[in-house]
Amino acid sequence: MNVYAEYHLEGDHEFRKITLLQFGESWDLIGSAVLKNPGSAKPEGMVSYEEFNQIKSFLSPYQIHQKDWQRFRPDTTMRFLEKIFSGAYLGSEKKLDGVIQLFNLTYLKEPKLDIAHLKANEIDSQFLFPKVDELVLQFKNKPVYLGWFDTWKKVQGAEPIAKGIFEVLKNKSGNYLSPIFEENRFYHPIYINRSLKKPLVYYSLQEFQKLIG
């Protein structure tokens, strides 16, 4: 897995915006995920000229600048997300070849969730939240996994973003969630990994896997 992300440092705060998990040789879009907030993955240096050109081509028409893009070390959440998309949890694992786009309800980078919520409610930054209209365009009719759990309740300003994304997806064919927003738990990949034996968790994975094929 190669990990590339748009990264910004503003004062003492780190922001990791759109993140690309690239597998194999392909740059075809596999699907996307929208989770809570960026966690423990660490930047390892700027992307090369060749890597940036590939990223720019992949994200077009989304406007990006090479100085903002870094290579990252994969974290636990990314590894678990790979297992969700590959079908590993259901015993039907397929080798991934392409890109999973990773977005979050808030782009503030902080591995401790309670602290992330607290900080997000205290700071004001242009990098804090995604723009729904830009984000949903990047989905491009591929499967989208929603795993933000209850962050939409905990961070001021996150609820309209979560519901805006959900409204776009619920009207598309093949949506794997309940059409009623509040009925969904939006299981985060870490929760999936430790709660796989729970019937509702397993059922959610089965429904999502139908979209992957």
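Refer to the structure presented above.
Per chain, residues are indexed from 1 in the order of the written sequence. In keeping with the predicted nature of the model, local features appear solely for residues at pLDDT of at least 70, side-chain atom pairs appear and are counted solely at 80 or more, and the whole-chain, interface and lining totals rest on all residues. Only heavy atoms go into the side-chain values, all of them from the structure, while hydrogens and water stay out.

A. How the structure looks around the nonpolar core. To form a nonpolar core, buried Ala, Val, Leu, Ile, Met, Phe, Trp, Tyr and Cys residues must be joined to one another through side-chain atoms within 4.5 Å. We call a residue buried when its accessible area falls under 20% of the maximum for its residue type, exposed when it is over 50%, and partly exposed in between, using a 1.4 Å probe and counting protein chains only. Counting residues in each nonpolar core, the largest one holds 68 residues, and the members touching the most others are Val34, Trp69, Phe85, Tyr145, Leu146, Trp148 and Ile165. Should any heavy atoms of two residues lie within 4.5 Å, those residues are considered in contact. The contacts of isoleucine 165, once residues within four sequence positions are left out, are Val34, Leu105, Val132, Leu135, Val136, Phe139, Leu146 and Trp148.

B. The arrangement of the side chain of serine 32 in detail. Comment: elements are numbered from the N terminus, with helices defined as DSSP H or I runs of at least four residues and strands as E runs of at least two. Examined against the element boundaries, serine 32 turns out to sit in strand β3 (residues 29–35). Residue classification places serine 32 among the buried residues on the basis of a relative accessible area of 0%. Of note is the side chain of serine 32, whose polar atom sits 2.8 Å from the side chain of glutamine 101. Apart from residues no more than four positions distant in its own chain, serine 32 is found in contact with Phe85, Gln101, Phe103, Gln138, Phe139, Pro143, Val144 and Tyr145. Think of a polar contact as two N or O atoms within 3.5 Å of one another; within protein, one of them needs to be a possible hydrogen donor and the other a possible acceptor, and neighboring residues in sequence only count if both atoms come from side chains.

C. Structural view of the pattern of salt bridges. Here a salt bridge means any side-chain nitrogen of Lys or Arg lying within 4 Å of a carboxyl oxygen belonging to Asp or Glu. Overall, the coordinates contain eleven salt bridges when judged by the stated rule. Notably, a salt bridge pairs aspartate 150 with lysine 154, separated by 3.2 Å at the nearest N-O pair. In this structure lysine 154 comes out as partly exposed when scored by relative accessible area, which is 41%. Note that lysine 163 is salt-bridged to glutamate 182, the shortest N-O span being 3.5 Å. Placement of lysine 163 in helix α6 (residues 159–170) and of glutamate 182 in the loop between α6 and α7 (189–194) is noted, with a sequence separation of 19 residues between them. Residue classification places glutamate 182 among the exposed positions, given a relative accessible area of 52%.

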